[in-house]
Amino acid sequence: MPIFEYKCDKCGHEFEKLVFGNSKATCPVCRAEDVKKKFSVFGMSGVEHQTSSGCSSCSSSSCSSCK
């Protein structure tokens, strides 16, 4: 789903909006159409983070390249 973050140029309000196709976002506070899309970071939940216990070429800490 295309959810974007915006900041209103008129009142400064920051908000998220679900936008489809060629629809334009409007500020929910002042109803201005003068809004800018913000750069947002993609986040994922439920993903395990792997930790390295040795070198970058294997998962063992006792191989010949880890020494």
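Residues numbered from 1 in each chain as written. Predicted model: local features only at pLDDT ≥ 70, side-chain atom pairs only at ≥ 80, totals over all residues. Heavy atoms only, no water.

Draft legend 1. Representation of the nonpolar core in the model. Grouped together as the largest cluster of nonpolar side chains are eight residues: Tyr6, Cys8, Phe15, Val19, Ala25, Cys27, Ala32 and Val35. For Ala25, the contacting residues outside a window of four places in its chain are Tyr6, Lys17, Val19, Glu33 and Val35. (Core = buried A, V, L, I, M, F, W, Y, C linked by side-chain atoms within 4.5 Å. Buried < 20%, exposed > 50% of the residue type's maximum accessible area, 1.4 Å probe, protein only. Contact = heavy atoms within 4.5 Å.)

Draft legend 2. The sheet that holds strand β1 (residues 3-8), seen in detail. The antiparallel open sheet is built from three strands, whose spatial order is β2-β1-β3. Here the strands that pair on one side only, and so sit at the sheet edges, are β2 (14-18) and β3 (35-37). Neighbour to neighbour, the strand axes of the sheet diverge by 40° on average, direction disregarded. (Pairing = 2+ DSSP bridges. Helix = DSSP H or I, 4+ residues; strand = E, 2+ residues; numbered from the N terminus. Axes fitted to C-alpha atoms, helices over the stretch in contact; angles between N-to-C directions.)

On their own, these measurements won't tell you what the molecule is for.
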